[in-house]
Each structure stands twice: as C-alpha cells, then as structure tokens.
Amino acid sequence: MSDDPRRDLVGLGRTALAEEMAGFGAEPFRARQLWHWIYHRGATDFAGMSNLAKGFRELLAQRYTLGRPTVTSALASTDGTRKWLLRFLDGQEVETVHIPEEDRGTLCVSSQVGCTLNCSFCHTGTQRLVRNLGAPEIVAQIMVARDALGEWPSPANGADGGRQLTNIVLMGMGEPLYNYDNVAAALKIVMDPEGLAVSRRKITLSTAGVVPMMARVGAELGVNLAVSLHAVNDELRDQLVPLNRKYPIGELLDACRAYPGSSNARRITFEYVMLKGVNDSPAEARELVRLLRGIPAKVNLIPFNPWPGAPHECSSAAAITAFSDTLFDAGYSAPVRTPRGRDILAACGQLKSESVRARRTNPAPVPPAVGRISAA
Ligand code: SAH
C-alpha cells in the first residue's frame, strides 16, 4: 500500500475532476486545463504545466499526484508484441498487451484481476478472481502503454497515421460485463475527443455472453461487440463456457440480433477457439452458419493457445482451414487469428498473474474504486 496521502487525479472522469477542482477552490476552466495535461499530454507531474501559475502548480502537487501503476515486468516477443505486468497500490497485478500490425496497433486491456468464468480453455480462468479493476486502473493501462510507446500527445480523434496505439480491445483478463460500471466509466474517459481520443469505432468489447448487459453496451457506449461463442450447441458450450448454463446460446444470439448499432457495416464479431476434436468438425461449421443467419456477423477463428496443464489441443491446420472455408462459402468473413506473442505468454487466453485472492484470515484492504463483483 502507498502511504502517500495525496489523491491521484489520473483516471478521474470529467465530472469527478471538475468536482475535485471546485472543492479545491479552482475556477472551472482549471479542470479543463488539467484534463488536457493529463489525457492529451500524458503529464506525470504538475511542474511542467506551463499555462498554470507556478504557485497553483505547487499547491496542486501538495494535494495531488499524477500516478501510474508500477510496471513490474515488461516483455517483448520476437514478433513485436509487448506485455506489461502492472501492479496497483494494493499489490494486485494485471497484464496489458500491445500487438503491432502493419496498419494499426491494438492494445489488449484487462478488466478484472483474474476471472470468475472458468472457461475450460482459458488460463486466466485457472486463477481465482481477486477483484474488479476500478476505472482509473483500466485507464492506467492505456496511459502506461502510451508512455512506453512514446505516444504523447494523444493524436487528434481519427488521426491514426503512423500511430502504434490505434485500437483497443477489452480482451485481456476478466469479463468486462461483470465490471460494467467501471469499464463504462473508463471507456468514456478513453473516448473523450479532447483526451485519449480513441474513437468508439476503434474499441471492441469482448464478452462471454452476459446477456442482460449487452444492450447497454450498444446504447451507452456504442463500441464494437465481440462474443466468445466457441460452441454451436448448449451441451458443449455448457462445458467450455460455463456461463452458458445461465445464458444459453439462443438467448445470447437474440441479444446479438438486438444489439443497438450493429449493421452490415458494423458487424458483431464471434470468437471461436479451435479445439482439436472438440468443436472443429465440418458439421459444426455448417451449424454455425445456420445459427448466425440474420445477424450482421463476422467470425474470428482463434487457434487454441496452449498453456501449462491445459486440457485441450489446437485443431489441425487442415481442420481450421476447412472450418473457415465453410463460413466463407456461406458469405461470412472468417479469418484465422494469427497467434501473437505466444513466446511471452501474451496470446489470447494465456494471461495470468500471480495475484491470488486474499485469505479470509488476512483480508487485504478493499480499495475505494472497487465495484461490485457479480456472481458468475
Ligand atoms: N471474458 C471476455 C474477455 C476475454 S477475451 C470473453 O470471454 O470474451 C479473450 C478471448 O480469448 C475470448 O474470446 C476467449 O474465449 C479467448 N481465449 C481464451 N483462452 C484462449 C486460449 N487458450 N486460446 C485461444 N483463445 C482463447
């Protein structure tokens, strides 16, 4: 725990920052100036805020910080993927991954320490859920990446030319829709055009299918939706994605049909992990085509990424190609996702920190930013 009594301003939304400055006795435009310094310029101290009076800067520094979580490890893959392990004030850790591609750079952001879903093929699921991340801790992942990539000031909205961080996917550790309030607060900061300025069209939220929350994502955030489907019948999906017992495939696909803002131009991505002999037969590919009828959809086939002790194997290249061809022949885009950063355990489903749930006899103090954790 930090014993610094000063409040960290990084991760506050516009209203919270305005309220904080009002309480501090500063005029309203000071909050806007600070917003610009924090989220557009990436400032980490008050001293360099040249348009603020020196005395005011000193007062701010006495009361506030512009913090970053500690980066406890930074790894680079041979393919250019980078992974940062971040430690927060209470000692809990999450991973954030940057995946550079020719025409874009994607940051894969975590929403929880660990996960409650226990999907059979996912390494994060073998870690007990420790806690939700607060909005500032979600925003901090983008701040740390921009620091490491040297990408301050933030680009103007939509101006991505040459940028290494253009897209954000909520596909790291955790189920974002079991931490909706904090994820939504964080994304509103991230999407603000005068700050981090990542457009909602460049943000994808991936869910295992928390059906009652899906409409809100579309209506309130308007980001792209990805759904981790992985099976075409409830019997199998109950095994692979136990959340299916609560929200079965039929209900999940109905929620997809109703997703606000989806269209042929903005399709829902269905993720499908390719597991040898489990979900990869030609009959299952045909059934997937039937299930997706009427939904503006594309499919992302993800070769299973192994991890120590995993109970699955990746499908053969031939099985993956045949599966993909069936979908393409039916008119669906169905690219095979190239595994990235496997050598540093940074690929899909490989993220796992050493954080463990605090023992009941020795409870860790609960930080104020923590939201309620819904039961899985
Ligand atoms: N809980 C959310 C966010 C996690 S996203 C969700 O389930 O969508 C991580 C994506 O990687 C999901 O599609 C997940 O199913 C997939 N995944 C998990 N483990 C994997 C593994 N070992 N190999 C390939 N993909 C995996």
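Above this text sits the structure in question.
Residues numbered from 1 in each chain as written. Predicted model: local features only at pLDDT ≥ 70, side-chain atom pairs only at ≥ 80, totals over all residues. Heavy atoms only, no water.

### Some thoughts on the sheet that holds strand S10 (residues 203-207)
In spatial order, the strands read S3-S4-S5-S6-S9-S10-S11-S12-S13; together these nine strands make up an open sheet with mixed pairing. Strands with a single pairing partner mark the edges of an open sheet, and in this sheet they are strand S3 (70-76) and strand S13 (297-303). On average, each strand axis in the sheet is inclined to that of its neighbour by 20°, with strand direction left out of account. As paired elements, strand S5 (residues 93-100) and strand S6 (residues 105-108) share four bridges and run antiparallel to each other. (Pairing = 2+ DSSP bridges. Helix = DSSP H or I, 4+ residues; strand = E, 2+ residues; numbered from the N terminus. Axes fitted to C-alpha atoms, helices over the stretch in contact; angles between N-to-C directions.)

### Here's the deal with the packing of helix H4 (residues 135-149) against helix H5 (residues 180-191)
Running from N to C, H4 and H5 point in directions that differ by 40°, and their axes come no closer than 8 Å. The orientation of H4 with respect to H5, classified from their angle, is oblique. Considering how the two elements wind past one another, H4 and H5 form a crossing that is right-handed. Side by side, H4 and H5 meet where Ala135, Ile138, Val139 and Ile142 of the first sit next to Asn182, Val183, Ala185, Ala186, Ile189 and Val190 of the second. Residues of the contact of H4 with H5, tallied by class, amount to nine nonpolar, one polar and no charged. (Parallel < 35°, antiparallel > 145°, perpendicular 65-115°, else oblique. Left-handed = near helix turned anticlockwise from the far one by under 90°. Contact = heavy atoms within 4.5 Å. Nonpolar A, V, L, I, M, F, W, Y, C, P; charged D, E, K, R; others polar.)

### What about the packing of aromatic side chains?
Evaluated as defined, the whole model comprises four aromatic pairs. Taking the centre distance of 6.2 Å and the plane angle of 45° together, the rings of Phe24 and Phe56 count as tilted. Residue Phe24 is found in the loop between helix H1 (14-23) and helix H2 (28-40), and its partner Phe56 is found in helix H3 (residues 54-63); the two are separated by 32 residues along the sequence. Taken individually, Phe24 and Phe56 each receive the classification buried, so the pair is uniform in this respect. The interplanar angle of 70° and the centroid separation of 5.3 Å between the aromatic rings of Phe24 and Tyr64 together place this pair among those described as edge-to-face. In this pair, Phe24 sits in the loop between H1 and H2 while Tyr64 sits in strand S2 (residues 64-65), placing the two residues 40 residues apart along the sequence. For Phe24, a relative accessible area of 19% translates into the label buried. The class for Tyr64 is buried, based on a relative accessible area of 1%. An aromatic cluster of at least three residues, connected via ring pairs, comprises Phe24, Phe56 and Tyr64. The ring of Phe56 carries the charged tip of Arg30 above its face, separated from the ring centre by 5.3 Å. (Phe/Tyr/Trp six-rings, centres within 6.5 Å; stacked < 30°, edge-to-face > 60°. Buried < 20%, exposed > 50% of the residue type's maximum accessible area, 1.4 Å probe, protein only. Lys NZ or Arg CZ within 6 Å of the ring centre and 35° of its normal.)

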